[in-house]
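Survey of secondary and tertiary structure
What follows is the residue order along each chain.
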Amino acid sequence: MSSQPAGSAPAHIGDLRVVGLGASAGGLEVLAEFLSHVPAGSGLAYVVVQHLDPTHKALLAGLLQRATGMPVREATEGLRVMPDVVYVIPPNTEMTLRAGVLHLAPPAQPRGLRMPIDLLFSSLARDQGERAIGVVLSGMGSDGTLGLQAIQSQGGLCVVQSPESAPFDSMPRSAITAGCGDIVGAPRELPERILRVAQQHAAAPATAEDTPIDESGALAQIIELLRQRSRHDLSQYKPSTLRRRVQRRVDVHGLDGTAAYAAFARQNPQELDLLFKEMLIGVTSFFRDPVVWQELKTTVLPALLARSAPGARLRAWVVGCSTGEEAYSLAMVFQEVVSALPPDEARTLQIFASDLSADAIAVGRRGLYPAKITDNVDAGRLTRFFTARRDGWQIAPPLREMVLFAQHDVVQDPPFTRLDLLCCRNLLIYFSTLLQRRLVPLFGYSLRLGGALMLGASETIGAARHHFRPVSPQSRLYWRSGPAAAAGPLDFPVHPLRLPAGRPAQEYTVTPPTTPPANLQALAEQALLQALAPPAVLVNYQGDVVYIHGSIGRYLEPASGKANWNLHVMARPALRAQLAAALRQAVQEQQPVTLRGLKLDDNAQPLLDVSIKPLQAPLALLGLVLIAFHDNAAGAVPKRRRQRAAGTVDNALDDELQRWKAEAQALREEMQAQSEELQAANEELQSTNEELQSANEELTTSKEEAQSMNEELQTLNG
């Protein structure tokens, strides 16, 4: 934040605050209105990005100069930003800010995919931190939303034009829907409100980083309100972090101080939701600190693989995963290491990625990242682990399946255990020293002996040196080398389990039966079947019963409630899972399947065999499956012999174990088959959606550029 009042120039360039202005269709008039209300000597610099036709010379700088007394310049490469100057992006370029200097580059994406506002705002967030200011004005599409989220994660100020005042409201509405509207208003109001925030922050008294929170003060009251609202306790976060985030909301609302904000939040619960989101600092990227990832790849993962058996599944936990970049980085590195092993020595990795923010978890689950990740992910990894889309890069399905995302509070919720690797990078730095001392022993408890702990560049294990051994002298990678108690007293978090409301079991619907036509031959065969054949049912591929032969009451019975003649509902509980898996296998392979030694209940003898046969002929029965139930009376004799040899109890337990194993295998096959069907349907829908989205983006881009050019020509004509 600038330490100077709003009416004077900064003392040096490091104090300069830069305002990024992003607009598209309808932006010329709105930009002119905004700049015309900026007072002289504001001490801020203004950088303008508008969607422009790349094939025409831009007139934007000259047109905006008529609306403001500040100098308006078209940006050039290497131009240092100065206060009280407006800088305008040239056509067919991308503009970023680094160390107070503007940098231009040719667009990295084709037309329709370019997000120049997001690119500028993201660079502002990196360069300016909490001093960054982003303003989204009129335009179509969603450009600027991701950039505002980056500014928000750094504690900067996010400003959005009110949709009602925008000629085209898509961009403002997208930013507001994403929760990035710290200040929302008409263009003529925004400059004054921005300057007021800058003044209030500059006038705020400095507080020492380690000053504890006064338990009777306003900040403690706000933390208690957050705990009641969100069920999460932030009192053990660093006081300096909490104060900065609260002060930012105080500035946004123009309040007199923290006490006034506490009263305001008490009367406006939705403000607590916004504050809680801002407390969760989601700064991450792929392969942050490449040296650490290289050490993980060359030293740690090979050692963990060498200690495990071939075919084993390793377990890893990424704490504070934010939007998932580090979890997927770990998955990529693991895949690269495993691919170098012989096929018979391959292992798998299950990654648990957790974060307190539900929004961040949703982004990670989606696995879609903007085009700018090319700065951190090389071309080889992009080709292998990502799928290019018009709106960014999509994580490949095999990599996505390695990561399980979950909303989790490391302070209150029990940890994941039996881990081979625990990654907690740049999270402890936001916690108080007391909380850090509590979490490190907990991490030791979660890891297996010989497991690895991965911390951030500014984090250490503290007093747990006898419990963790560094991989290398300067490393932030550690081996767990001692018992859990060696890391210090273990304060195990206990949090009441919140179970979701129970949902009724899924009810299968009955499809219209297609009973084959009857004739004399069919009637004769039916008479023979009744005399000689075992009880059986004829079902379609969905399991709907279309014909019943004999007495099947021992095996199938109608379920209570609405009439439902479906095999999956009618089957006895002990038969249901295995029948479903066998039916699916028979339908897929078009081959008979036989189940032997089944029990009807826990106390029954395994005296039942079931045969499942897809019918190919006659043609009228094509698409149906015959399921026959055979009572196997001979099954009791071998069992008596086994009982005499090994004992009744042991054999009973062995039979019970085999039955449960068979049912578990059947359930796994059923779940896998359903997952494959859902995935195939999802891919088809995704493909259709991408095609429609691609066409829509191209049309939107062409319309925006034409609108911008039309506005310039209309202004010149006037």
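Residues numbered from 1 in each chain as written. Predicted model: local features only at pLDDT ≥ 70, side-chain atom pairs only at ≥ 80, totals over all residues. Heavy atoms only, no water.

Right, let's get into the overall build of the protein chain. When helices and strands are counted, the protein chain shows 21 helices and 25 strands. Considering only intrachain contacts with a sequence separation of at least 6, the fraction spanning at least 24 residues in the protein chain is 69%. Summed over its atoms, the accessible surface of the protein chain is roughly 34,800 Å², and 55% of this surface lies on carbon and sulfur atoms. (Helix = DSSP H or I, 4+ residues; strand = E, 2+ residues; numbered from the N terminus. Contact = heavy atoms within 4.5 Å. Areas by Shrake-Rupley, 256 points an atom, 1.4 Å probe, with all protein chains shown as cover.)

The terminal C-alpha atoms of helix α16 (residues 433-446), which comprises 14 residues, lie 20 Å apart, in line with the 20 Å expected from a rise of 1.5 Å per residue. Those residues of α16 lying buried are Leu435, Arg438, Leu439, Val440, Pro441, Leu442, Phe443, Gly444 and Ser446. On its buried side, α16 packs onto β11 (313-319), β17 (419-424), β18 (447-455), β19 (468-470) and β20 (477-480). (Expected span 1.5 Å × (residues − 1). Buried < 20%, exposed > 50% of the residue type's maximum accessible area, 1.4 Å probe, protein only.)

Taken together, the seven strands give an open sheet; going across it, the order is β16-β12-β11-β17-β18-β20-β19, and neighbouring strands pair in mixed fashion. One side of each edge strand has no neighbouring strand; the edge strands of this open sheet are β16 (403-407) and β19. Sheet twist, expressed as the average angle between the axes of neighbouring strands with direction ignored, equals 20°. Sheet strands in contact with helix α11 (residues 290-307) are β11, β17, β18 and β20, and its direction is about 170° off that of β18. Docked against the sheet, α16 engages β11, β17, β18, β19 and β20, running at close to 135° with respect to β18. (Pairing = 2+ DSSP bridges. Axes fitted to C-alpha atoms, helices over the stretch in contact; angles between N-to-C directions.)

Now for the pattern of salt bridges. For the structure shown, the criterion picks out 16 salt bridges. Across the pair Glu326 and Arg425 runs a salt bridge, and its minimum N-O distance is 3.2 Å. Of the two residues, Glu326 sits in helix α12 (residues 325-339) while Arg425 sits in the loop between β17 and α16, which places them 99 residues apart along the sequence. Judged by its relative accessible area of 3%, Glu326 is buried. In this structure Arg425 comes out as buried when scored by relative accessible area, which is 3%. What you see here is one network of salt bridges that share partners, running through Arg288, Asp289, Glu326 and Arg425. (Salt bridge = Lys/Arg side-chain N within 4 Å of Asp/Glu carboxyl O.)

Right, let's talk about the packing of aromatic side chains for a bit. For the structure shown, the criterion picks out 11 aromatic pairs. On the basis of an interplanar angle of 80° and a centroid distance of 5.7 Å, the ring pair of Phe286 and Phe386 is categorised as edge-to-face. With Phe286 in the loop between α10 (269-279) and α11 and Phe386 in strand β14 (residues 386-389), this residue pair connects regions lying 100 residues apart in the sequence. Assigned by exposure class, Phe286 and Phe386 land together as buried. For the pair Phe287 and Trp293, a centre-to-centre distance of 5.8 Å together with 75° between the ring planes defines the contact as edge-to-face. Its relative accessible area of 7% is what places Phe287 among the buried residues. One aromatic cluster is present, built from ring pairs that chain together Phe286, Tyr328, Tyr369, Phe386 and Phe405. (Phe/Tyr/Trp six-rings, centres within 6.5 Å; stacked < 30°, edge-to-face > 60°.)

Worth remembering: the numbers are spatial, not functional.
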